[in-house]
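Residue-level structure breakdown
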Amino acid sequence: ISQMNLGNVWLLLGRHEEARACQEESLRLRRETGDPWSIALGEHNLGILTRSEGDYDTTRELFAGALRTFRDHGDKWALAFILEDVAVLAVLVDEPAVALRLGGAGAAVREETGSPRGAADQEELDGQLAPAREALGARADALWEAGRLGGLGEAIFAALRLCERR
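Every value quoted in this text rests on a predicted model; they were computed, and no experiment measured them.

Secondary structure summary: the chain contains 9 helices and 0 strands in total. For the chain, the sequential pattern of α-helices and β-strands runs α-α-α-α-α-α-α-α-α. Seen along its three principal axes, the alpha-carbon backbone of the chain occupies a region of about 45 × 35 × 30 Å. Out of the 166 residues in the chain, the part that is buried amounts to 46%. Residue pairs in contact within the chain that sit at least 24 positions apart in sequence constitute 64% of those at least 6 positions apart. Just so you have it, the chain exposes about 8200 Å², and 54% of that area is on carbon and sulfur atoms. One finds the centroid of the 19 positive side-chain charges in the chain at a distance of 4 Å from the centroid of its 28 negative side-chain charges.

What follows concerns the side chain of Thr50. Position of Thr50 among the secondary structure elements: in helix H3 (residues 36-52). Excluding its chain neighbours within four sequence positions, the residues that come into contact with Thr50 are Arg20, Asp55, Thr58, Thr59 and Leu62.

Before going further, it helps to spend a moment on the packing of helix H5 (residues 76-92) against helix H7 (residues 119-136). Look at H5 against H7: their axes get within 8 Å of each other, and the N-to-C directions meet at 40 degrees. On the basis of their axis angle, the class for H5 and H7 is oblique. Relative to H7, the crossing made by H5 is left-handed. Together, Glu84, Ala87, Val88 and Val91 of H5 and Leu125, Gln128, Leu129, Pro131 and Ala132 of H7 make up the contact between the two elements.

The next thing to look at is the pattern of salt bridges. Pairing between side chains of opposite charge can happen when their charged atoms approach one another. The final tally for this structure, using the stated rule, is 17 salt bridges. The partner of Glu154 in a salt bridge is Arg101, and the shortest N-O contact between them spans 2.7 Å. Placement of Glu154 in helix H9 (residues 152-164) and of Arg101 in helix H6 (residues 96-113) is noted, with a sequence separation of 53 residues between them. Look at Glu154 and you get partly exposed, because its relative accessible area is 41%. Arg133 is paired through a salt bridge with Asp141; the nearest N and O atoms lie 2.9 Å apart. Arg133 sits in the partly exposed class, given a relative accessible area of 30%. Take Asp141: its relative accessible area is 56%, and that puts it in the exposed class.

Ranked by size, the top nonpolar core spans 39 residues in total, and within it Leu67, Ile82, Leu83, Val86, Leu102 and Leu129 carry the most contacts. Listing elements by their share of this core, those giving two or more residues are helix H4 (56-72), H5, H6, H7, helix H8 (140-149) and H9. With 11 residues, the top contributor of residues to this core is H5. Ala19, Leu27, Ile39 and Leu46 belong to the second largest nonpolar core, which has 8 residues in total.

Per-residue confidence for the chain gives a mean pLDDT of 93, with 99% of residues at or over 70. Of all the helices and strands in the chain, helix H1 (residues 2-12) carries the lowest mean pLDDT, 79, while H8 carries the highest, 98.

Criteria and thresholds
- Residues numbered from 1 in each chain as written.
- Predicted model: local features only at pLDDT ≥ 70, side-chain atom pairs only at ≥ 80, totals over all residues.
- Heavy atoms only, no water.
- Helix = DSSP H or I, 4+ residues; strand = E, 2+ residues; numbered from the N terminus.
- Buried < 20%, exposed > 50% of the residue type's maximum accessible area, 1.4 Å probe, protein only.
- Contact = heavy atoms within 4.5 Å.
- Areas by Shrake-Rupley, 256 points an atom, 1.4 Å probe, with all protein chains shown as cover.
- Lys, Arg positive; Asp, Glu negative; His and termini not counted.
- Charge placed at Lys NZ, Arg CZ, Asp CG, Glu CD.
- Axes fitted to C-alpha atoms, helices over the stretch in contact; angles between N-to-C directions.
- Parallel < 35°, antiparallel > 145°, perpendicular 65-115°, else oblique.
- Left-handed = near helix turned anticlockwise from the far one by under 90°.
- Salt bridge = Lys/Arg side-chain N within 4 Å of Asp/Glu carboxyl O.
- Core = buried A, V, L, I, M, F, W, Y, C linked by side-chain atoms within 4.5 Å.
- pLDDT = per-residue confidence, 0-100.

Okay, structure coming up:
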């Protein structure tokens with residue numbers, strides 16, 4: 001966990017080389033343990049880094065693995081995070097409708113689990129999703145609400161579909 005957290009700090013500081021080294025080592029160690037949930041956490045964090053570097057194919061692969069494991073473990077808390085991160089990926093690969101539906105689904109899961117984002121994290125996510133809102137204009141709120149009401153299973157299916165598309 002220390003390697004992963006250090007990698008996250010390096011990423012926040014914009015030091016991608018150091019961040020990658022830490023995240024890759026963290027994932028390697030997690031794979032050695034053989035614990036699927038721990039591996040998924042490592043995949044998710046490395047996926048955030050690869051997404052920030054514009055390596056969307058690798059991001060899709062890593063996020064898909066994490067999504068499946070969090071789904072299989074019934075971990076709604078982790079699913080809220082990964083749905084939001086796939087929503088940001090959807091913005092970057094020009095899928096604004098998917099982005100807003102997944103963002104709405106993540107918000108619904110957070111409400112259900114009582115795990116709201118902190119103010120700064122919410123502001124960051126809102127900024128990352130803003131291009132999708134701008135692209136869709138008047139339809140944006142309806143798509144967000146559809147994601148909120150669509151159910152977790154539908155959201156996971158949509159997220160996996162985006163991640164498995166090349």
